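Structural features, examined
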Amino acid sequence: MTMPIIYNFSAGPAVLPESVLRQAQSEMFDYNGTGFSVMTMSHRSDVFMSILYHAEQDLRQLMNIPNNYKVLFLQGGASAQFNMVVMNLANGFKRVDSVVTGNWSRIAHNQMGKLSDTKIHLAAHGGELYDYTDLPDPSTWDVSPDSAFVHYVINETVHGLQYRDVPKPFANQLPPMVCDMSSEILSRPINVADFGLIYAGAQKNIGPSGATIVIIREDLLDRCSDRIPDVWNYKSHVERQGMYNTPATYPIYISGLVFRWLQSQGGVASMQTINALKAKKLYEAIDGSGGFYTNKVAARARSQMNVVFHAPTPELDKLFAQESTTRGLRLLKGYKTMGGMRASIYNAMPLQGVEALIDFMGEFQKRYG
Ligand SMILES: *Cc1c(COP(=O)(O)O)cnc(C)c1O
């Protein structure tokens, strides 16, 4: 029996392009003739500084990041940002507006108030309104221009929800929008200038865990008080060109390889086209199954990155997860609180992977439907 091709549907750490892994493998012992592995070189060496520089430049090119935005590769994951954004940007403000639309924004909402006297105001609650199967329209968010910022999660990785459009009422106005883009960064073109700050853990749609990307509008750095310890202070990191302390060198190197790969694929505009096609096919397979597979998310809010679905019973969910694994379709089991399945179909998931999943879904239904 031949080994099936493995397709990795993990929500994160997630699939990486095969060519990126092969390049990392070939450079593992000797990066570019240096005789060193990237993993073992000083972060202050010219070689690593160049890796960091090019990773930033390539990210700037891919996302078309305006010059008045700074780019940082930090550590601590997206979770650390829940608090860093408040520590740094809410000084002297009475209120932060927070939109809760699923698992991650709910956690962010609960964490943001810690270590801070600023009121974290619930601007909209998708759980109360829709049981997290739809997204509150931005025009209904209760946001004040006097707030430090409005925080939201653009793609809810666990609940499989995604804001299709950037909220327009606030674009380029007060308060600035702070957006968690962990599970969709680089999946489609967005206008960075619509945001005050964007952050994303790299381990979803970029690949390796350990690096957290922060894109911050320059003028907001004036809010970062000197009383904030340097390691948590955006301004300190910007002033030291991301070298305040040792950055996550290897994840930054891998991220840089992913950026190059994205450029070779035609950039985020091409990604958008293929991502839309992958998601369309998968949702069509769910909706066309005559009710065997279900996804309750409203059409306008369905995520193109994380597709959640259920088989008719928890027993069949379990069986689906088991049998798909032996077929090379890996890590499809849903998040612990959600049950069912979740197919994370990030940039690096090829269309063939989605087609293999759809084939298996049909076959599974034939046997158990
Ligand atoms: C995974 C995830 C997080 C948490 O990321 P960590 O890097 O583990 O802290 C936060 N927000 C979103 C949208 C995520 O998908």
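The structure presented is a predicted model; accordingly, all values stated were derived computationally and were not measured.

Calculation criteria
- Residues numbered from 1 in each chain as written.
- Predicted model: local features only at pLDDT ≥ 70, side-chain atom pairs only at ≥ 80, totals over all residues.
- Heavy atoms only, no water.
- Near = heavy atom within 4 Å.
- Polar contact = N/O pair within 3.5 Å; in protein donor to acceptor, adjacent residues only side chain to side chain.
- Areas by Shrake-Rupley, 256 points an atom, 1.4 Å probe, with all protein chains shown as cover.
- Helix = DSSP H or I, 4+ residues; strand = E, 2+ residues; numbered from the N terminus.
- Contact = heavy atoms within 4.5 Å.
- Expected span 1.5 Å × (residues − 1).
- Buried < 20%, exposed > 50% of the residue type's maximum accessible area, 1.4 Å probe, protein only.

**Overview of the site of the ligand**
Every one of the 13 residues lining the ligand counts as a neighbour, but Ser79, Thr157, Asp180, Gln203 and Lys204 are closest to it. Here an oxygen atom of the ligand and a side-chain polar atom of glutamine 203 are 2.8 Å apart. For the ligand, the protein covers 87% of the area, taking 380 Å² as the surface of the free molecule. With four residues, helix H3 (residues 77–89) is the largest single contributor of residues to the shell around the ligand.

**Quick notes on the environment of glutamine 81**
One can find glutamine 81 in helix H3. On a C-alpha basis, the gap between glutamine 81 and methionine 112 in space is 9.0 Å, while along the polypeptide they are 31 residues apart. Residues contacting glutamine 81, with those up to four places away along its chain left out, are Leu74, Tyr199, Thr212, Val214 and Tyr234.

**Regarding helix H10 (residues 351–368)**
Because the α-helix completes a turn every 3.6 residues, residues three or four places apart line up on one side. In this model, H10 (18 residues) spans 26 Å end to end at C-alpha, consistent with the 26 Å of a helix rising 1.5 Å per residue. All of the buried residues in H10 are Leu351, Gly353, Val354, Leu357, Phe360, Met361 and Phe364. Against the buried residues of H10 lie strand E1 (7–8), helix H8 (267–287), strand E11 (306–309), helix H9 (314–326), strand E12 (329–330) and strand E13 (341–344).

Take it as geometry only, folks, not as evidence of what the structure does.
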